[in-house]
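Given next are the chains, with one letter for each unit.
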Amino acid sequence: MTDSLGTPPADLGAPSSGSLGRPPVPDDPLVVLSGVNKHFGPLHVLRDIDLTIHRGEVVIVIGPSGSGKSTLCRTINRLETYETGTITIDGEPLPEEGKALARLRADVGMVFQSFNLFAHKTILENVTLGPTKVRRVGAAEARTRAMELLERVGVAHQAEKYPAQLSGGQQQRVAIARALAMDPKVILFDEPTSALDPEMINEVLDVMTDLARDGMTMVVVTHEMGFARKAANRVVFMADGQVVETGTPTEFFTNPRSERAKDFLGKILTH
């Protein structure tokens, strides 16, 4: 039996085809959250989260402010701890600390809303630092790879500049290149365009759309509904710390089944 979205009601992990003309992603779980709960003091910010992200899948997480979206994203690589439940990455439990956690974070890229580049290092140094220090890649190889990635995101000509000399959009594209330089299994994007001026948003979303088209596994917390429609395999809608519903972009935006999602879409799509 299926619900109105054509997915089993209890399954929040079914892969789908998305909107970029790619074939459906294989049923190959990469990130699995099961019964995850998280509190900030008395505030229950993640409530029994069950969610599976498959290899090659682009999952867009949307919902009202305070719904737990960013906390969910940051919990996947343990930037936030959680009290109960389990998270596995490629079949391995999420380590709590130490070298095992550092290795895990090398496989799970992160792009923040505030860029988080090292201000005292050049763009090139920002991108080569992780591969040389964590992956133990040789300096020449790391530099070659970094320049390829900076070219890919359109800022290779800025390689010797410092972050403060770049626009916000350019800095965020460098941050994406830095994440890619670690050859991660999945990249988490926590509202990557929310700190950008409007004219810079598309240059970052274009890079992310290209990554999605190339099959990068991505979890993206965003308010950019156009990007969600275009790039997602699956939209996950959160409210009050819970995953309320999930479906393909077409299913979610044209036929949301929960009143909470209908109310949310009614507010954001009428402006």
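Residues numbered from 1 in each chain as written. Predicted model: local features only at pLDDT ≥ 70, side-chain atom pairs only at ≥ 80, totals over all residues. Heavy atoms only, no water.

As annotated in an unreviewed UniProt entry, the chain is ABC-type polar-amino-acid transporter from Auraticoccus monumenti. Taken verbatim from the UniProt record of the chain, the Sequence similarities (unreviewed entry) comment is "Belongs to the ABC transporter superfamily." Among the UniProt annotations of the chain, the heading Catalytic activity (unreviewed entry) holds the following wording: "a polar amino acid(out) + ATP + H2O = a polar amino acid(in) + ADP + phosphate + H(+)". (UniProt positions renumbered as here; feature names shortened; annotations may be inferred.)

Moving on, we come to the overall build of the chain. Counting its regular elements, the chain contains nine helices and 10 strands. For 271 residues, the compact-globule estimate of 2.2 N^0.38 gives 18 Å, and the chain sits close to it at 18 Å. Principal-axis analysis of the C-alpha atoms gives the chain an extent of 55 × 40 × 40 Å. Taking all 271 residues of the chain together, the buried fraction comes to 53%. In the chain, the share of contacts with a sequence separation of at least 24, taken over all contacts with a separation of at least 6, comes to 68%. As displayed, the chain offers around 12,200 Å² of accessible surface, 51% of which is attributable to carbon and sulfur atoms. Taken together, the 29 basic and 34 acidic charged side chains of the chain have centroids lying 4 Å from each other. (Helix = DSSP H or I, 4+ residues; strand = E, 2+ residues; numbered from the N terminus. Rg over C-alpha atoms; globule rule 2.2 N^0.38 Å. Buried < 20%, exposed > 50% of the residue type's maximum accessible area, 1.4 Å probe, protein only. Contact = heavy atoms within 4.5 Å. Areas by Shrake-Rupley, 256 points an atom, 1.4 Å probe, with all protein chains shown as cover. Lys, Arg positive; Asp, Glu negative; His and termini not counted. Charge placed at Lys NZ, Arg CZ, Asp CG, Glu CD.)

Applying the stated rule across the entire model yields three aromatic pairs. When the centroid spacing of 5.3 Å and the interplanar angle of 80° are considered together, the rings of Phe252 and Phe253 count as edge-to-face. According to the relative accessible area criterion, Phe252 is buried, its value standing at 0%. The rings of Phe237, Phe252, Phe253 and Phe264 are connected pair by pair, giving a single aromatic cluster. (Phe/Tyr/Trp six-rings, centres within 6.5 Å; stacked < 30°, edge-to-face > 60°.)

Next up on the list: the nonpolar core. One broad rule of soluble globular proteins: the nonpolar side chains tend to lie buried together. Ile62, Leu150, Ile176, Phe189, Met208 and Met218 are the most contacted members of the largest nonpolar core, which has 51 residues in total. Apart from residues lying up to four places away in sequence, Ile62 is in contact with Lys69, Thr222, Met225, Val235, Val236, Phe237, Met238, Phe252, Phe253 and Phe264. In terms of nonpolar packing, the next biggest core, distinct from the first, is built from 29 residues, Leu101, Val186, Val221 and Val236 among them. (Core = buried A, V, L, I, M, F, W, Y, C linked by side-chain atoms within 4.5 Å.)

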